[in-house]
Amino acid sequence: MLSNSGQAQSKIYFNVGTNFTTTYFREGFYRLGVGNRIFVTDSDYKSKTFGQYWNAELNVETRINKILYGVTGLSISQSGYSNSNVGNISGATLFFSDFDVTYLGIPLLLRVNFVNAVQVDLGFVGRIPVRAILEETGNKGNQFEVHAKENIASSLSQFNLGGYARITFLINRLTLAFYATGGQNILDSNFINEWPLGNGSQSLFLRDIYPKFKYQMIGMKMGLRIK
């Protein structure tokens, strides 16, 4: 219940934004001199396309003391990648992998409010994958071509908890925020047997992402205090 008096005073914000960068990498993979990154021949799992992955959230801010607030609510966020790989010495790109995930999230944040002009949020977001479209093609253009496109949300961890940091600038009721967040997913052990490209030689997802991966997102949001 919202209250307009005392320490329980609450405010409601609506924000919408997009990622500047979205990065995927398999947890625990290490290559000397490179570090915790994926080795690929001609591309990587990092998107820098502004506006490709969107997010929106409704936040409820509840006052704890003079400068500290608790923040929760609901969010919808997108992440993913688009990658390809050279499969032969002729240089033809034969393997394609595209992954797009939509998460329903619940933020659990602690907010520091500086003179009602700058807010700093730190905490966690619990995310549930509601849609995860994986589309892959192997050996494209020859007699051994295989293609699959499915919603694999049920094969991902049904809940993952990721860190979240955000700085927000307030201008009257308008907000401009910059954020960094991430998380991880574990795939069901049966996925490798169920995926049509499941022998691993044709699937970049299985080669570079399975069975446990992390994702990172950096972006911006604009919003409005609606109460």
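Here the residue numbering is sequential within each chain, running from 1 through the sequence in written order. Side-chain atom pairs in this predicted model are given and counted only at pLDDT of 80 or more, local residue features only at pLDDT of at least 70, and totals for whole chains, interfaces and linings cover all residues. Hydrogen atoms and water are omitted, and side-chain values are computed over all heavy atoms in the structure.

**So, the nonpolar core**
Now for step 1: We call a set of buried Ala, Val, Leu, Ile, Met, Phe, Trp, Tyr and Cys residues a nonpolar core when their side-chain atoms join them within 4.5 Å. For the exposure calls, accessible area comes from a 1.4 Å probe over protein chains only, and a residue counts as buried if that area is under 20% of its type's maximum, exposed if over 50%, partly exposed in between. Counting residues in each nonpolar core, the largest one holds 27 residues, and the members touching the most others are Tyr24, Phe99, Ile152, Phe191, Phe205 and Phe213.
Now for step 2: Secondary structure elements with two or more residues in this core: strand E5 (93–114), strand E6 (118–138), strand E7 (146–151), helix H2 (204–208) and strand E10 (212–225).
Now for step 3: Throughout, a contact is declared for two residues whenever any of their heavy atoms are within 4.5 Å. With residues up to four places along the chain from it excluded, the contact list for Phe99 reads Tyr24, Tyr53, Ser79, Gly80, Tyr81, Ala132, Ile133, Leu134, Ile152, Leu156, Phe205 and Phe213.
Now for step 4: Membership of the second largest hydrophobic core comes to five residues, among which are Val71, Val125, Tyr164 and Tyr179. Secondary structure counts use DSSP, requiring at least four H or I residues in a row for a helix and at least two E residues in a row for a strand, with both numbered from the N terminus.

**Some details on unusual backbone geometry**
Now for step 1: Of the consecutive residues Tyr210 and Pro211, the connecting peptide bond is found in the cis state with omega at 5 degrees.
Now for step 2: Within the secondary structure, Pro211 is located in the loop between H2 and E10.
Now for step 3: With a phi angle near 60 degrees, Asn172 is a residue other than glycine that sits in the positive phi range.
Now for step 4: By the element assignment, Asn172 lies in the loop between strand E8 (160–171) and strand E9 (174–186).
Now for step 5: Under the relative-accessibility criterion, Asn172 is labelled exposed at 74%.

**So, the pairing of E9**
Now for step 1: Two strands qualify as a pair provided DSSP detects at least 2 bridges between them. In this sheet, E9 lies alongside E8 in antiparallel orientation, the contact comprising eight bridges. Looking at E9, one finds that Ile167 is bridged to Phe178.
Now for step 2: The antiparallel pairing of E8 with E9 creates a hairpin that spans two residues between the two strands, and Asn172 there sits at a positive phi of about 60 degrees.
Now for step 3: In the sheet, E9 pairs with E10 via 13 bridges, with the strands oriented antiparallel. Residue pairing in the sheet places Thr181 in a bridge with Met217 of E10.

**Focus: the packing of aromatic side chains**
Now for step 1: Any Phe, Tyr or Trp ring, taking Trp's six-membered ring, that has another such ring centre within 6.5 Å forms a pair; planes under 30 degrees apart are called stacked, those over 60 apart edge-to-face, and the others tilted. Applying the stated criterion across every chain, the model contains 15 aromatic pairs.
Now for step 2: Pairing Phe99 with Phe213 gives two aromatic rings, centres 6.2 Å apart and planes at 85 degrees, and the pair type is edge-to-face. Residue Phe99 is located in strand E5, and its partner Phe213 is located in strand E10; the two are separated by 114 residues in the primary sequence. Taken as a pair, Phe99 and Phe213 share a single burial class, namely buried.
Now for step 3: Ring geometry for Phe205 versus Phe213: centroids 6.4 Å apart, planes at 70 degrees, classification edge-to-face. Take Phe205 and Phe213: they sit in the same class, and that class is buried.
Now for step 4: Three or more aromatic residues joined by ring pairs form one cluster here, namely Tyr24, Tyr45, Tyr81, Phe99, Tyr103, Phe191, Trp195, Phe205, Tyr210, Phe213 and Tyr215.
Now for step 5: A cation over an aromatic ring shows up here: Arg111 above the ring of Tyr13, its NZ or CZ 5.4 Å from the ring centre.
Now for step 6: A positively charged side chain is recorded as over a ring if its NZ (Lys) or CZ (Arg) lies within 6 Å of the ring centre. The angle to the ring normal must also be within 35 degrees. In this structure, Lys221 packs its charged tip against the face of Tyr179, placed 5.0 Å from the ring centre.

Function cannot be read off these values alone, since they describe shape.
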